[in-house]
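Given next are the chains, with one letter for each unit.
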Amino acid sequence: MKYDGTNWLNIGGYIFSGNVNQMSIAITKTDTPYVAYINTTGTLTVKKYNGTDWAIVDDSISGHIVDPLIALDKADIPYIGYTNTNYDSVYVEKLEQAHWHQLKPISKSRYTLSSLIIDNTNRPIISYSSRLSSLTQSNNSFSVRRYNDSIWEYIGPVSITTGDAITPCLSI
């Protein structure tokens, strides 16, 4: 859909048919939208509006995926972030030569990815909450990390909260 100042207009037909889950949208500097979502087979699908239709960018990321997020760097190259359904790893992948290239995953304990942004030097930054022992535990710490030369470094302390943090969001 595109807002023309008065109405929402459908562009390029339907993005998908059937039910999808957990959609994320990013828009390039030239107003080209990208959409990431979990399709009916559980595969992460990324599409781009090419001016007439929604074309699949790549849908090769499969498995047990939740919380997909999409962000664009300064050159409008897409990055995808997601968590596995066990919530024990956070993944970020960059589109390179029409294929996803996985950066080093973060694995430790119960993660819920809540933000993916790209800084002005094209480094991904993620925020996530981490439960100490179970998905139902109420004490969620909140962390922010930046990818720097194949290492996810913390920005600030390991946990920047002393209380409960459930889906915090970042913005630049």
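Residues numbered from 1 in each chain as written. Predicted model: local features only at pLDDT ≥ 70, side-chain atom pairs only at ≥ 80, totals over all residues. Heavy atoms only, no water.

A. Broad picture of the pairing of strand 10 (residues 99-102). Bridge count for strand 9 (residues 89-96) against strand 10 is 4 bridges, and the pairing is antiparallel. Across the sheet, Lys94 pairs through a bridge with His101, a residue of strand 10. Counted along the chain from strand 9 to the antiparallel partner strand 10, the turn is 2 residues long, and its residue Gln97 has a positive phi close to 50 degrees. (Pairing = 2+ DSSP bridges. Helix = DSSP H or I, 4+ residues; strand = E, 2+ residues; numbered from the N terminus.)

B. Just the pattern of salt bridges, in detail. Summed over the entire model, instances satisfying the criterion amount to 4 salt bridges. Asp119 serves as the salt-bridge partner of Arg123, at 3.3 Å between the closest nitrogen and oxygen. Judged by its relative accessible area of 24%, Arg123 falls in the partly exposed class. Judged by its relative accessible area of 8%, Asp119 falls in the buried class. (Salt bridge = Lys/Arg side-chain N within 4 Å of Asp/Glu carboxyl O. Buried < 20%, exposed > 50% of the residue type's maximum accessible area, 1.4 Å probe, protein only.)

C. Geometry of the layout of surface pockets. Of the pockets and cavities examined, the largest pocket occupies roughly 290 Å³. As for the largest pocket, its lining consists of Met1, Lys2, Ile11, Ile15, Met23, Ile25, Ile27, Asp31, Pro33, Val35, Tyr49 and Trp54. Elements supplying a minimum of two residues to the lining of the largest pocket: strand 3 (21-27) and strand 4 (33-38). The greatest single-element share of the lining of the largest pocket, amounting to 3 residues, is contributed by strand 3. Class assignment of the residues belonging to the lining of the largest pocket gives a composition of 10 nonpolar, no polar and 2 charged. (1 Å grid on protein atoms, 1.4 Å probe; cavity = no way out; pocket = protein on both sides within 12 Å on 5 of 7 lines; lining within 4 Å. Points joined across faces, edges and corners; volume = space filled by probe spheres on them. Nonpolar A, V, L, I, M, F, W, Y, C, P; charged D, E, K, R; others polar.)

D. Seen up close, the sheet that holds strand 5 (residues 44-49). One open sheet holds the 4 strands; their spatial order is 3-4-5-6, and the pairing between them is antiparallel. Of all strands in the sheet, those bounded by a partner on one side alone are strand 3 and strand 6 (54-61). Each neighbouring strand pair of the sheet contributes to a mean axis angle of 20 degrees, computed without reference to strand direction. Bridging between strand 3 and strand 4 involves 5 bridges; their strand directions are antiparallel. Of the residues in strand 4, the one forming a bridge with Ile27 is Pro33. (Axes fitted to C-alpha atoms, helices over the stretch in contact; angles between N-to-C directions.)

E. Quick look at the nonpolar core. Grouped together as the largest cluster of nonpolar side chains are 15 residues, with contacts concentrated most on Leu44, Val46, Ile70, Ile80 and Tyr82. Taken together, the elements giving at least two residues each to this core come down to strand 4, strand 5, strand 7 (65-72), strand 8 (78-84) and strand 9. Ignoring any residue separated from it by four or fewer positions in sequence, one finds Ile80 in contact with Ala36, Leu44, Val46, Leu69, Ile70, Tyr91, Val92, Glu93, Trp100 and Leu116. Of all hydrophobic cores here, the second largest spans 14 residues; its members include Ala71, Leu103, Leu113 and Leu116. (Core = buried A, V, L, I, M, F, W, Y, C linked by side-chain atoms within 4.5 Å. Contact = heavy atoms within 4.5 Å.)

Functional significance is not addressed by these values, which are geometric in nature.
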